[in-house]
Amino acid sequence: LNKIDTEGADPDRVKGELSKHELQPEEWGGKTPVVLCSAKTGQGIESLLEHILVLAEMGNLTCNHKRQAIATVIEGHLDASLGPVASLIVNAGKLEVGDTFVCGLMVGRVKSMVDAWGRRCASIGPSGAVRIAGLSGVPEAGYILQVVGSYQEAKVLLTELREATSREKKWSFGDLITRLSQGKLTVLKIVLKVDSGGSLEALEEAIATLKREA
């Protein structure tokens, strides 16, 4: 739990909310470790790292540094000197300067990388946070960056992604209703975009009360 140093912080309330989602804290008899932290003051960070290492050892979690990297975009923006840049978390593999990649519907090449401490680096491994330059546009948060072996391979992958996106866009609202009525679609995935957490909670509660006719 971060920001425990802020005024009005209530860790017990958050633990209670976690319990509602079947994440029972260890100190309450559950199996979910909860570490109180402050990114600003550094309080609890050492304990957090120790917990992560213990859990990784208990679960025998390993990573493959030799595979082509896959990363998730945390945020992207336009830098005055570097052009489009993106902050990433590396999910798997090792990301290196010079790597060719596909991100969303864009092709790029890693021109430079800066780690979480603002230091230039040539490569970064799994779970590493880094900001890269070399994109052809500003990516959105949640985009997946996938490293490929060559620019030609990137173009092939990009064509496949565009075709898949085009097929998805051809579905109209009428098609959706037809598939639902025929029983071909049993789960309807909805993305809620709001400007505040309170609005999101209100919408989630309203949707949860809707009943599906048998």
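Up top is the structure these notes are about.
Heads up: these notes are all about the structure in this document.

## A closer look at the sheet that holds strand β8 (residues 129-133)
Here is step 1: The antiparallel open sheet is built from seven strands, whose spatial order is β5-β4-β9-β1-β2-β8-β6. On the outer flanks of this sheet lie β5 (106-109) and β6 (112-115), each paired with one strand and no other. The mean angle between the axes of side-by-side strands here comes to 35°, regardless of whether they run parallel or antiparallel.
Here is step 2: Of the strand pairs in this sheet, strand β4 (residues 100-103) and β5 are connected by four bridges, and their pairing is antiparallel. Within the sheet, the bridge partner assigned to Cys103 lies in β5 and is Met106.

## Description of the nonpolar core
Here is step 1: In this structure, Leu88, Leu95, Phe101, Met113, Val130, Ile132 and Leu145 are the most contacted members of the largest nonpolar core, which totals 19 residues.
Here is step 2: Considering every element that reaches this core, the biggest residue donor is strand β2 (residues 83-92), with three residues.
Here is step 3: One finds Val102, Val148, Leu157 and Leu158 within the second-largest nonpolar core, a separate group that totals six residues.

## Comments concerning the pattern of salt bridges
Here is step 1: Here the structure, examined in full by the defined rule, presents three salt bridges.
Here is step 2: Residue Arg13 pairs with Glu17 through a salt bridge whose shortest N-O separation is 2.8 Å. Linking Arg13 with Glu17, this pair stays in helix α1 (residues 11-20), spanning four residues, or about one helical turn.
Here is step 3: For Arg13, a relative accessible area of 45% translates into the label partly exposed.
Here is step 4: Residue class for Glu17 comes out partly exposed when judged on its relative accessible area of 36%.
Here is step 5: In this structure, the salt-bridge partner of Asp115 is Arg119, at a minimum N-O distance of 3.0 Å.

## A few points about the environment of Met113
Here is step 1: When you line up the elements, Met113 lands in strand β6.
Here is step 2: For Met113 and Leu95, which are 18 residues apart along the polypeptide, the C-alpha to C-alpha distance reads 9.4 Å.
Here is step 3: Filtering out sequence-adjacent residues up to four positions away, Met113 remains in contact with Leu95, Glu96, Val97, Arg119, Arg120, Cys121, Ala122, Ser123, Ile124, Val130, Arg131 and Ile132.

## Description of the side chain of Lys15
Here is step 1: In this structure, Lys15 sits in helix α1.
Here is step 2: What makes Lys15 buried here is its relative accessible area of 8%.
Here is step 3: Among the polar contacts made by the side chain of Lys15, one reaches the side chain of Glu27 at a distance of 2.6 Å.

## So, the side chain of Asp115
Here is step 1: Turning to its location among the elements, Asp115 is positioned in strand β6.
Here is step 2: For Asp115, a relative accessible area of 14% translates into the label buried.
Here is step 3: Within polar-contact distance, the side chain of Asp115 engages the backbone nitrogen of Trp117 at 2.9 Å.
Here is step 4: The residues touching Asp115, leaving out its near neighbours within four places in the chain, are Cys121, Ala129 and Val130.

## A short note on unusual backbone geometry
Here is step 1: A positive phi is found at Lys3, a non-glycine position, where the angle reads about 65°.
Here is step 2: On the secondary structure map, Lys3 appears in the segment before α1.
Here is step 3: Taking the relative accessible area as the measure of exposure, Lys3 reaches 55% and is therefore exposed.
Here is step 4: For Ser127, which is not a glycine, the phi torsion comes out positive at approximately 75°.
Here is step 5: Inspection of the secondary structure assignment puts Ser127 in the loop between β7 (123-124) and β8.
Here is step 6: Using a relative accessible area of 63% as the deciding quantity, one classes Ser127 as exposed.

Conventions used here
Numbers given to residues run from 1 along each chain, matching the order in which its sequence is written. Reporting of local features is limited, given that this is a predicted model, to residues whose pLDDT is at least 70; pairs of side-chain atoms are given and counted only at 80 or more, and all residues count toward the totals for whole chains, interfaces and linings. Water and hydrogen atoms play no part in the side-chain values, which are based on all heavy atoms of the structure. What makes two strands pair is DSSP finding at least two bridges between them. Numbering of helices and strands starts at the N terminus; helices are DSSP runs of H or I of at least 4 residues and strands are runs of E of at least 2. The axes used here are C-alpha line fits, helices contributing only the stretch in contact, and every angle between their N-to-C directions lies in the interval 0 to 180 degrees. To qualify as a nonpolar core, a set must consist of buried Ala, Val, Leu, Ile, Met, Phe, Trp, Tyr and Cys residues joined through side-chain atoms within 4.5 Å. Throughout, exposure labels follow a simple rule: accessible area from a 1.4 Å probe, protein chains only, divided by the maximum for the residue type, with under 20% read as buried, over 50% as exposed, and the rest as partly exposed. Salt bridge, as applied in this entry: a Lys or Arg side-chain nitrogen positioned within 4 Å of an Asp or Glu carboxyl oxygen. Residues are treated as being in contact if the distance between any of their heavy atoms lies within 4.5 Å. We define a polar contact as two N or O atoms separated by no more than 3.5 Å, with the added condition that, inside protein, one atom must be a possible hydrogen donor and the other a possible acceptor, whereas residues neighbouring each other in sequence contribute only through side-chain atom pairs.

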